[in-house]
Every structure is written in structure tokens, then in C-alpha cells.
Amino acid sequence: AQKITQTQPGMFVQEKEAVTLDCTYDTSDPSYGLFWYKQPSSGEMIFLIYQGSYDQQNATEGRYSLNFQKARKSANLVISASQLGDSAMYFCAMREGDGYGNKLVFGAGTILRVKS
Amino acid sequence: GAGVSQSPSNKVTEKGKDVELRCDPISGHTALYWYRQSLGQGLEFLIYFQGNSAPDKSGLPSDRFSAERTGGSVSTLTIQRTQQEDSAVYLCASSLTGFAQYFGPGTRLTVL
């Protein structure tokens, strides 16, 4: 079974509008971490935001926020006030366990295109 | 400070040749990871080093793949007798805490 599911292969958003990128996950481990990465056309993976399974509040980093719904096992990324530079591939990833450096399991990604 | 660096950025090789890919993690990061990104398989974990512990090699696809990390810093991923299906972008990442892994720019490997 897929551990990370991103159901939107591609998304369009108008500049300055907000957009939500979906991510659902599957794990039986009570301790886990959820991550979002951005991969522009240059290829580098850029860390955006992190949510721990025991965190009570949704994570926020500037224009990025993570809508964490634990019961639904979803960790959607919300980008507010989209900019042209937000056009990229976005990956949701999960680390199972609270081990110091457990591997990340990635979803298939969502391509976001911001229109002017 | 400097991020994760990888070399070469591009590598074209002939089928059957050996290749070495290098990763310099962020200074002070004790954990180092290799991933592979290909069109058909997405992002796959290959191997993980943590300090002096034995590496987690569970993601290596075959015994043609090996990696080492010298002095707790630089890592080299070696692919022996390359095959066309090895063509991919090989990404290295490092981390200090259990939270975020920081990635390098990758090495694009093309096997002809």
C-alpha cells in the first residue's frame, strides 16, 4: 500500500490566490513526521515545512501552512498569496518513528503552475 | 553556511562501466542519505549513514550499488557495471536533527 498519496498530478492557481496541495498518509506508527519539499525546474529539493505527529498546532512557515488532520491522516500544504516563483513540483514525505534519521518516504508529487 | 554539495552534476557513462558519485554534507550534520529520483519510480531511498553506526542499506536496489562515508563527512556512492535502468538523478541529503533533511543539487546519471 502507498504510504504517501498525492492525488493531484497537476494544479493551476492564479497569482496572489491561495492553493491547497493534498497529501494523505498511511502509518501504524504513533510517532511520525510529515514534510513538504519544493522542487523547482532546477532540480534541487527545498525543505518547506515540517509537522510532527504529536504537534498540537498546525505548522506554519511564512506563506506556507500545513493543514494537519490526524484522524483523517491528511497533511495538506496551503500556500497563501501565490507567486510566480511558486511554480514547481511539490512533494509530501513522511518519516516513520522518532528515530534520529529515519528515511523519508515520498509521494509522487504535484506540479503547481502559477498563472499571472 | 554552505549547503549540501554533490559532484559531478552530470555524468554520462557507457553501460558496464563503474561510476562514483560524491556528496559533501552540511558541516556538522551527522546523518547522510542517498536517494534516487527517476521518472518511473519517483523518489526512492537508497542508503543512510548515521555517525559511526552501521549504515542502513535497505534501499540499495542491487549488489552493484555500494556507498561509504569517510571520516563521518564525505560520502561516495559507487555503481558497478552500470545498466541503463540506473539512469536517474541521485540526490544526497544530510540532517542534524530528526526534523529536516537538506538536499544537494543532485547528480544526473545517464547510462548509454
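Right above here is the structure, for reference.
Residues numbered from 1 in each chain as written. Chains lettered and ligands numbered in written order. Predicted model: local features only at pLDDT ≥ 70, side-chain atom pairs only at ≥ 80, totals over all residues. Heavy atoms only, no water.

Novice: Describe the interface of chain A and chain B, naming the residues involved and giving the relevant values.
Specialist: At the junction of the two partners, chain A supplies 15 residues and chain B supplies 21 residues. Counting each side, the surface lost to burial between chain A and chain B is near 1600 Å², with a carbon and sulfur contribution of 56%. Summed over the shared surface of chain A and chain B, the number is zero salt bridges. On inspection of chain A and its partner chain B, the count reaches three residue pairs in polar contact (both at pLDDT 80 or more). Elements with a minimum of two residues in the side of chain A that touches chain B: β5 (32–39), β6 (46–52), β10 (88–96) and β11 (104–106) of chain A. Ranked by residue count, the leading element in the side of chain A that touches chain B is β5(A), at three residues. Across the side of chain A that touches chain B, the residue classes tally to nine nonpolar, three polar and three charged. (Contact = heavy atoms within 4.5 Å. Buried area = accessible area lost by both parts, 1.4 Å probe. Salt bridge = Lys/Arg side-chain N within 4 Å of Asp/Glu carboxyl O. Polar contact = N/O pair within 3.5 Å; in protein donor to acceptor, adjacent residues only side chain to side chain. Helix = DSSP H or I, 4+ residues; strand = E, 2+ residues; numbered from the N terminus. Nonpolar A, V, L, I, M, F, W, Y, C, P; charged D, E, K, R; others polar.)

Novice: So what's going on with the nonpolar core? Residues and values would help.
Specialist: As a rule of thumb, nonpolar side chains are buried together in soluble globular proteins. If you look at the biggest cluster of nonpolar residues, it comprises 24 residues, and the most contacted ones within it are Tyr25(A), Trp36(A), Ile49(A), Leu77(A), Tyr90(A) and Leu112(A). When contributions to this core are tallied by element, the ones reaching two or more residues are β3 (19–21), β5, β6, β8 (64–69), β9 (74–79), β10 and β12 (110–115) of chain A. Looking at which element gives the most residues to this core, the answer is β10(A), with four residues. Counting residues in each nonpolar core, the second largest holds 20 residues, with Cys23(B), Ile26(B), Leu60(B) and Leu77(B) among its members. (Core = buried A, V, L, I, M, F, W, Y, C linked by side-chain atoms within 4.5 Å. Buried < 20%, exposed > 50% of the residue type's maximum accessible area, 1.4 Å probe, protein only.)

Novice: Any details on the side chain of Thr27(A)? Residues and values, ideally.
Specialist: All names here are of chain A. Structurally, the position occupied by Thr 27 is in the loop between β4 (24–25) and β5. Overall, the relative accessible area of 8% leaves Thr 27 in the buried class. Among the polar contacts made by the side chain of Thr 27, one reaches the main-chain amide nitrogen of Asp 29 at a distance of 3.1 Å. A polar contact of 2.7 Å, which involves the side chain of Thr 27, links it to the side chain of Glu 96. Excluding its chain neighbours within four sequence positions, the residues that come into contact with Thr 27 are Tyr 32, Lys 73, Met 94 and Glu 96.

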